[in-house]
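Next come the chains, spelled out residue by residue.
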Amino acid sequence: MWSIRMRASKKSGVRDQGSGVRQRQREIHISGAEGIYDESEIRKACESYIKRALTHSRGKPDEIIITIEKIRQKPKTISLLPVATLKCSSPEKAREIITQKLKSLDISKKAIDKGFAVLNSKKTMRGASLILLKSGRRIEPDKERGVRVSRMGIEKSAEKKLSEKLSGAKINTTRLRRVKEALVLASKAASCRDIIAEVCISDDPDYTTGYIASKESGYLRIPNIKREKEMHGGRVFFIRETADIAGLISYLERKPVIVI
Ligand code: PML
């Protein structure tokens, strides 16, 4: 089996007033995606990732990186979180729902406020922020990049069953792929003992449904979590204070996991 990962970005340059020479460049995240595939699927998966990178509503990238890597370790098998879609009419209401859920999981106000600051920031990260659930301290080693949840996929028959279930729940075909990918990612994260909850807002300006996920309540989709055309978004994990941080990051980034 092979892990295929794509990330697309563009540089924003700041020019020196006098010389016109580019001084400082910031990488702006455009799009990212990944999965675990059989060798026979590599070409098709790459074509689809390239198309996705070139047609993203966050703009045109000037760099697309595709990594195709053979998985040597036996993947850990996990199950999917249960999915439900909540009723929510505005970002303000979404914030109330999320705050209440996070408080019920014993996550402090300080940590919740830190989470929303990351999710509402204009500086979107390509990975996730890790926030300690009491102190609210951010512990991801690189605050611009964050931690990317990686090396996860879904077994074919499980994917077919999931597609049928989501279609039956009136999630239309244009959303299906996105929901499946986010659900697989959230299920990998929730399988980690020290992750108590996750909140995600898409950084896609055309996509306004987000979610909160936890082992206790599953994957709860939240419509209208942001307004259309807003560019902010991201992903935050609330972490147990006593977590083995290096072990947690290594699990999220490197451990191959397959949903069955
Ligand atoms: C993203 O890929 O932009 C994040 C999607 C989060 C929400 C997916 C859903 O509708 O459940």
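Residues numbered from 1 in each chain as written. Predicted model: local features only at pLDDT ≥ 70, side-chain atom pairs only at ≥ 80, totals over all residues. Heavy atoms only, no water.

Draft legend 1. Expanded view of the nonpolar core. Counting 39 residues, the largest nonpolar core has L130, I195, Y211, Y219, F237, I239 and L252 as its most contacted members. Apart from the residues lying within four places of it in its own chain, the contact partners of F237 are A128, S129, L130, I131, V149, L185, A189, I195, A197, E198 and L252. In terms of nonpolar packing, the next biggest core, distinct from the first, is built from 25 residues, I97, L105, L133 and I196 among them. (Core = buried A, V, L, I, M, F, W, Y, C linked by side-chain atoms within 4.5 Å. Buried < 20%, exposed > 50% of the residue type's maximum accessible area, 1.4 Å probe, protein only. Contact = heavy atoms within 4.5 Å.)

Draft legend 2. Broad picture of the state of the cysteines. One pass over the structure, following the stated rule, counts 0 disulfides. As a non-bridged cysteine, C88 has C200 as the owner of its nearest cysteine sulfur, 15 Å distant. Its relative accessible area of 10% is what places C200 among the buried residues. (Disulfide = S-S within 2.5 Å.)

Draft legend 3. Just helix α3 (residues 109-120), in detail. In this model, α3 (12 residues) spans 16 Å end to end at C-alpha, consistent with the 16 Å of a helix rising 1.5 Å per residue. What α3 keeps buried is the set A111, I112, G115, F116, V118 and L119. Buried residues of α3, viewed axially, fall in a sector of 160 degrees; they line one side. For α3, exposure combined with an orientation more than 90 degrees from the buried face picks out K109 and K110. (Helix = DSSP H or I, 4+ residues; strand = E, 2+ residues; numbered from the N terminus. Expected span 1.5 Å × (residues − 1). Arc of directions from axis to C-beta.)

Draft legend 4. Quick look at the sheet that holds strand β4 (residues 76-78). Sheet architecture is open: 3 strands sit in the order β4-β12-β7, paired in parallel fashion. At either end of the open sheet lies a strand with only one pairing partner, and these are β4 and β7 (152-154). Strand after strand, the sheet turns through a mean of 30 degrees between neighbouring axes, direction not considered. Relative to strand β12 (residues 257-259), β4 runs parallel, the two being bridged by 3 bridges. Of the residues in β12, the one forming a bridge with T77 is I258. (Pairing = 2+ DSSP bridges. Axes fitted to C-alpha atoms, helices over the stretch in contact; angles between N-to-C directions.)

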